[in-house]
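So the chains spell out like this:
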Amino acid sequence: QVQLVESGGGLVQPGGSLRLSCAASGIIFSFYTMGWYRQAPGKQRELVASITSGGITNYADSVKGRFTVSRGNVKNTVYLQMNSLKPEDTAVYYCNGQNRYTTNLEFWGQGTQVTVSS
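Residues numbered from 1 in each chain as written. Predicted model: local features only at pLDDT ≥ 70, side-chain atom pairs only at ≥ 80, totals over all residues. Heavy atoms only, no water.

Caption draft 1: Molecular detail of the sheet that holds strand β7 (residues 67-72). Read across the open sheet, the 4 strands follow the order β1-β3-β8-β7; overall the sheet is antiparallel. Strands with a single pairing partner mark the edges of an open sheet, and in this sheet they are β1 (3-7) and β7. Averaged over all pairs of adjacent strands, the angle between strand axes in this sheet comes to 15°, irrespective of strand direction. (Pairing = 2+ DSSP bridges. Helix = DSSP H or I, 4+ residues; strand = E, 2+ residues; numbered from the N terminus. Axes fitted to C-alpha atoms, helices over the stretch in contact; angles between N-to-C directions.)

What follows is the structure, given as C-alpha cells:
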C-alpha cells in the first residue's frame, strides 16, 4: 500500500515559520522525485518546490529565498521548511511523488492546511 502522509501544518502569524513533513511508504523512495504543491480556494494547484533523488531542487518564484525543500532518503521523508510566511502562502499543501522511470506514475498525499493570519 502506497502512502504519503503530510504533517506539520497549522495556523501561524505572518513572518512565522513552519516545517512540513511527508512520510512515504510502499514505494522505492530513490525512484521518486518528491514535490510539494499547494492549492488555495478558487485557484489551481501549483508546484511549490521539488527535489530529485540526487538533491536537485526547484522552487516557485514566489517562495525562493523563503522555503527550503530537503529529503532524508534513509527516513523516506521529504521536508518543506517555510520561513517568513505571508498570508498568500495560505493553502492546502500536498506531497507528491513522481516516478522518474515510469511515465505518469505518481502519488499524492491527503494534504495539510497551512493558514497564515494574524
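Further notes follow.
Caption draft 2: How the structure looks around the nonpolar core. In this structure, W36, L80, M82 and Y93 are the most contacted members of the largest nonpolar core, which totals 29 residues. Each residue touching Y93, except ones within four places of it in the same chain, is listed here: E6, L20, W36, Y37, R38, V48, F67, L80, M82, G111, T112 and V114. (Core = buried A, V, L, I, M, F, W, Y, C linked by side-chain atoms within 4.5 Å. Buried < 20%, exposed > 50% of the residue type's maximum accessible area, 1.4 Å probe, protein only. Contact = heavy atoms within 4.5 Å.)

Caption draft 3: Region of interest: the packing of aromatic side chains. Taken as a whole and assessed by the stated rule, the structure comprises 3 aromatic pairs. Both rings, one in F31 and one in Y101, keep their centres 5.1 Å apart while their planes meet at 80°; by these two values the pair is edge-to-face. One end of the pair, F31, is in the loop between β3 (18-25) and β4 (32-39); the other, Y101, is in the loop between β9 (91-99) and β10 (106-108), and 70 residues separate them in sequence. The cationic tip of R45 hangs over the ring face of Y94; the distance from NZ or CZ to the ring centre is 3.8 Å. Above the face of the F29 ring, R71 is positioned so that its terminal group lies 4.3 Å from the ring centre. (Phe/Tyr/Trp six-rings, centres within 6.5 Å; stacked < 30°, edge-to-face > 60°. Lys NZ or Arg CZ within 6 Å of the ring centre and 35° of its normal.)

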